[in-house]
Amino acid sequence: MIEIKQLAKRFTVENPKKLSEQEKKDPRLKGRFFHSVQNVNFSCNTGQVLGLLGPNGAGKTTTLRMLSSALKPDSGQILIDGEDVVQNPILARQKIGFLSGSTGLYGRLSGRENIEYFGKLHGMNAQAINDKIEELAQLLDLSTFLDRRSENYSTGMKQKVSIARAVVHSPKVVVLDEPTTGLDIMATQTVIDFIQTLKVQQTPVIFSTHHLDEVKELCDTVTVIDEGTTKFNGDLDSFSALADGSLHQSFLTTIGKV
Amino acid sequence: MWLVFRKEIKELLRDRKTLFFMIALPLLLFPLIFGGVAYFSGKAIEKAQTKTLNYAIIGAENAPILSAKIAEVDDLSQVNTDLQSGNETGIKALITSETVDFVLVIPATFSDDILSVGQNTLTLYLNDAGLNMVQRRLNKIIDNIAESNRDQAFITLGISEEIQKGLLEPILVDKVSTADKRENIGEKIGGLIPYIIFILCLQGAMLPATDIGAGEKERGTLETLLISPIPRNQLVMGKFFTIAFAGVTSAMVTVGSLFVWGVVLSQGMAIELITEFMGAISAVDFLLMFAMLVPIVAIFAAVLLSMSIYAKSFKEAQGYMTPLVFIVIIPIILAMLPGIKLEGIYAWVPLMNVALAIKELIKGTMDYMALIPIFLSTTAIAGLLIAFCIYWFNREKVLFR
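The rules behind each value
- Residues numbered from 1 in each chain as written.
- Chains lettered and ligands numbered in written order.
- Predicted model: local features only at pLDDT ≥ 70, side-chain atom pairs only at ≥ 80, totals over all residues.
- Heavy atoms only, no water.
- Helix = DSSP H or I, 4+ residues; strand = E, 2+ residues; numbered from the N terminus.
- Buried < 20%, exposed > 50% of the residue type's maximum accessible area, 1.4 Å probe, protein only.
- Contact = heavy atoms within 4.5 Å.
- Areas by Shrake-Rupley, 256 points an atom, 1.4 Å probe, with all protein chains shown as cover.
- Buried area = accessible area lost by both parts, 1.4 Å probe.
- Salt bridge = Lys/Arg side-chain N within 4 Å of Asp/Glu carboxyl O.
- Nonpolar A, V, L, I, M, F, W, Y, C, P; charged D, E, K, R; others polar.
- Core = buried A, V, L, I, M, F, W, Y, C linked by side-chain atoms within 4.5 Å.
- Phe/Tyr/Trp six-rings, centres within 6.5 Å; stacked < 30°, edge-to-face > 60°.
- Lys NZ or Arg CZ within 6 Å of the ring centre and 35° of its normal.
- Pairing = 2+ DSSP bridges.
- Axes fitted to C-alpha atoms, helices over the stretch in contact; angles between N-to-C directions.
- Arc of directions from axis to C-beta.

Student: Before we go on, may I ask you to explain the overall build of chain A in this structure?
Tutor: Along its length, chain A carries ten helices and eleven strands. Across the 258 residues in chain A, those meeting the buried criterion constitute 53%. Taking the contacts inside chain A whose residues are at least 6 apart along the sequence as the reference set, 68% of them involve residues at least 24 apart. In the form shown here, chain A has an accessible surface area of approximately 11600 Å², with 47% of it arising from carbon and sulfur atoms.

Set out below in C-alpha cells:
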C-alpha cells in the first residue's frame, strides 16, 4: 500500500529567457520559481494497478521521480505501508522498483551483469541474485540473450532486462514512468504482461502513460494530474462514467478541455 | 564503493576505443613519432653532407693550390663562369637560378705567404636559409691549407711550439663544473618530465571521465543508479577512483613505453647514459615523485568528474574539459622558466610546486623541507575538490538539468 499526500515540488528558473512559450504562459511560473508539482494526492492498494494520466508537462515525471527518491519533495508525504519515506530516501530505494521509459543499460556489460550490478548495489548476496535472475529469466524469457553484451540488444530485449533490473530486489511497490513510450507492439506487450504478473503477485503498480487502451486493460484506479494538481482520483468505472463510453472524452472532461 | 569501482573498470576494459587511446596509442604512436622524426632528420642531414654541390670560383688563378684541392673533392663539381669579382648581382643571380650552390671569390692579393700579406679574406656567396653543409665542407679544405701556411710562417720566424700555443691562445680558461652529470641533465630534462606526466594523466583520465558522468546521463543509466540504495558519497568515490586509476595507468604506460623505446632506439653510449642517470636517482626519490602525483591526480579526477556530471551529453563534457589542458599547462610552463625555484610562495602553488619538486628530485638538489608545503597545499585542494564533487552529486539541479 502506497499513499501520496499533498506532494509539492518547485524548481528555480535559472534563465527566464530560455523558457518555452508554453512555459511562460503556465500559471505555475511564479517569479523565479516554477511550481512543477503543487498538490498531488493518490493512493494505491495491494494488488492494484494505478494509471497516472496527464498532458505533457503536467508534472507526472516529477511526481514519479519524487516517488523514486531521485528528487526530494518540498512538502507532502509519501507513505509506504504507513512509513514516511521522504525523510528516509534509502528506505524508499529499498522498497520501490523504478523504471523509466528513457532508461538505458550499460552497453559493454551483458544483461546478466547489468542485473547483477544492481542486485549487489541493493546489498543482495551472489546466491540470492542468481536465484532471482533465474526466476526473472523464466518469467521474462531472457535466457537466450542474457549473457550477450547488451549494446547489441533489440529494443524489446533491452526493455525486458531493464524490467528485470528494476525488480531484482523484490520491491514492495513498482513505479513505471511511461514504460511503453517509443516501444514497438511486441515490446509493449512484454511490459503489459509483466504488469499483469505483478498484479497477480499482489504488488501495487503505479505507471504513467498516454495510452488509454493500456489503462482500460490494466488499471483498477486512475489519477489524472494537470498543472501539477490532482484533477481526478477514482476507480476505472467512475473514470469512464465521466463521459459516454470514451476514455478520451473522460480524460478531456477531467482537465476541463470539453 | 569498490563495487562501483570494479564495475566501472570492467566497463572501461571492455571499451576498445578508450583502451586504444590509453594504451595502444602511447605504446605504438610515440615510438613511431620520435623514431620517425629521428629517422627523417638523420636522412636530411646525411643528404646535405653527401649531396654533390655545384660551385664556381672567381679568381682561381690567385690561389692555385686551394683551387686544385677543392677540385679534387669528389662531391664538389665546378661550373665555369666568366663573372668578375665585383659583379655581385651576377653572382647572386647565378645562385638564385640554382646553376651553382655556392660561389667562392678569391682576391688578387691572395697569397700563401702570411708574412708578406697578412690575413687573406675569401668571400663565400651561398643561400644560407636552408639546411646546408657548404661552409662546413669547404672549411675542411681551407683549414688544412690555412694551418699549413701558418706553420710555415712560424718556422720561418723560428718560434718554438710552446710560444706558438701562447700566440694562438694567450689565455686559456679551463672550466671545471661542480654540477655532476645528473644535475646537468636534470636541469635540461627535469622541467619536461612533469609536463609530460601531468598532461598524460589528464588526457588519460578524460575519456573515462566523460563516459562515467555525462555518458551515464546520455545513456539513461544515471537515474537508475541514483535511486539504488548506495550512499551518494560512495558512488562518487567509486567513480572518482576509476578516473584517477585510468589517469595514472595511462601516464605510466606512456612513460614506460617512452623509456623502453628510448633504450631500444638509442644504442651504445646512450644506454649507458640513461642507466647511469636513472641509477643516480634513489628509490626514495622515485617514491616521492609518485607520492606527489597522488594528490595531483586526485585534483584532476575531481575536477573532471564534476565537469562530466554537470554536462548533459558527451559532447558538452568534452567542451568543458578541453580548456582544462591549457589551464594545467600554465603553472607547468611557469615552473620551467629559469630563476623560478621551489622556495617561498612557489612551494605553495599547486601543480607548479610539484612540477618544481620533480625537477629538483631529478637533479638531486631537492630541499626535503619543501615537501611540507607541497603536500599540505595539494592535499588540501584535492580534499576540497572531492568534497565539492560529493556536494555536486547531491544537487538535483546538476543531475537533472
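Student: Looking at this structure, how should I read the interface of chain A and chain B?
Tutor: Each side of the interface is counted separately: chain A has 30 residues, and chain B has 24 residues. Looking only at chain A, the three residues that lose the most surface to chain B are Tyr106(A), Arg108(A) and Leu121(A), adding up to 28% of its buried area. Residues Glu113(A) and Lys10(B) are paired through a salt bridge, measuring 3.3 Å at the closest nitrogen-oxygen approach. Among the elements of the structure, helix 3 (89-95), strand 7 (96-100) and helix 4 (111-121) of chain A are those that each provide at least two residues to the side of chain A that touches chain B. Among the elements that line the side of chain A that touches chain B, the one with the most residues is helix 4 of chain A, at five residues. Looking at the side of chain A that touches chain B residue by residue, the class counts come to ten nonpolar, ten polar and ten charged.

Student: In this structure, what is going on with the nonpolar core? I would like to understand it.
Tutor: Among soluble globular proteins, nonpolar side chains are generally buried collectively. With 77 residues, the main nonpolar core has Phe198(B) and Leu304(B) as its most contacted residues. The element contributing the most residues to this core is helix 14 (residues 283-310) of chain B, with 14 residues. If we skip the residues at most four places from it in the chain, Leu304(B) touches Leu202(B), Ala205(B), Met206(B), Ala209(B), Ile243(B), Met321(B) and Leu324(B). One finds Leu105(A), Val205(A), Leu212(A) and Phe232(A) within the second-largest nonpolar core, a separate group that totals 43 residues.

Student: Would you take a moment to explain the packing of aromatic side chains for this structure?
Tutor: The relation between two aromatic rings is expressed through the spacing of the ring centres and the mutual angle of the planes. Applying the stated rule across the entire model yields 16 aromatic pairs over all chains. Centre to centre, the rings of Trp2(B) and Phe241(B) are 5.4 Å apart; their planes meet at 25°, and the pair counts as stacked. Of the two residues, Trp2(B) is situated in helix 1 (residues 2-13) and Phe241(B) in helix 12 (residues 232-265); the sequence distance between them amounts to 239 residues. Following the ring pairs from residue to residue traces out a cluster consisting of Trp2(B), Phe5(B), Phe240(B), Phe241(B) and Phe245(B). Its guanidinium or amino end placed over the ring of Phe33(A), Arg32(A) lies 5.5 Å from that ring's centre, counting from NZ or CZ. Stacked on the ring of Tyr106(A), the Lys or Arg Lys7(B) has its end atom at 3.4 Å from the ring centre.

Student: Would you explain the sheet that holds strand 4 (residues 123-126) of chain B in this entry?
Tutor: Strand pairs in the sheet, formed through backbone hydrogen bonds, run parallel or antiparallel to each other. Residues and elements named next belong to chain B. Taken together, four strands build an open sheet; the order of strands is 2-1-3-4 and the sheet is mixed. The open sheet has two edge strands with one neighbour each: strand 2 (76-78) and strand 4. On average, each strand axis in the sheet is tilted by 30° relative to the strand beside it, whichever way the strands run. Two elements, strand 1 (residues 53-58) and strand 2, share three bridges in a ladder whose sense is parallel. Within the sheet, the bridge partner assigned to Leu-53 lies in strand 2 and is Leu-76.

Student: What is the right way to read the pairing of strand 9 (residues 205-208) of chain A from this model?
Tutor: In the case of a regular strand, side chains alternate between the two sheet surfaces. Residues and elements named next belong to chain A. Burial of strand 9 is two-sided: the residues Val-205 and Phe-207 facing one way and the residues Ile-206 and Ser-208 facing the other way are all buried. Sheet analysis places strand 4 (residues 49-53) next to strand 9, joined by four bridges and oriented parallel. When the bridges of strand 9 are listed, Val-49 appears paired with Val-205. Taken together, the four bridges between strand 8 (residues 173-177) and strand 9 define a ladder with parallel strand orientation.

Student: What is the right way to read helix 3 (residues 64-72) of chain B from this model?
Tutor: Residues that lie three or four places apart on an α-helix share one face, since the helix turns once every 3.6 residues. Residues and elements named next belong to chain B. Among all positions in helix 3, only Leu-66, Ser-67 and Ile-70 are buried. One side of helix 3 holds all its buried residues, which, seen down the axis, span an arc of 100°. Set apart from the buried face of helix 3 by more than 90 degrees, the exposed residues are Pro-64 and Glu-72. Where the residues of helix 3 are buried, they touch strand 1, strand 2, strand 3 (102-105) and helix 6 (134-157).

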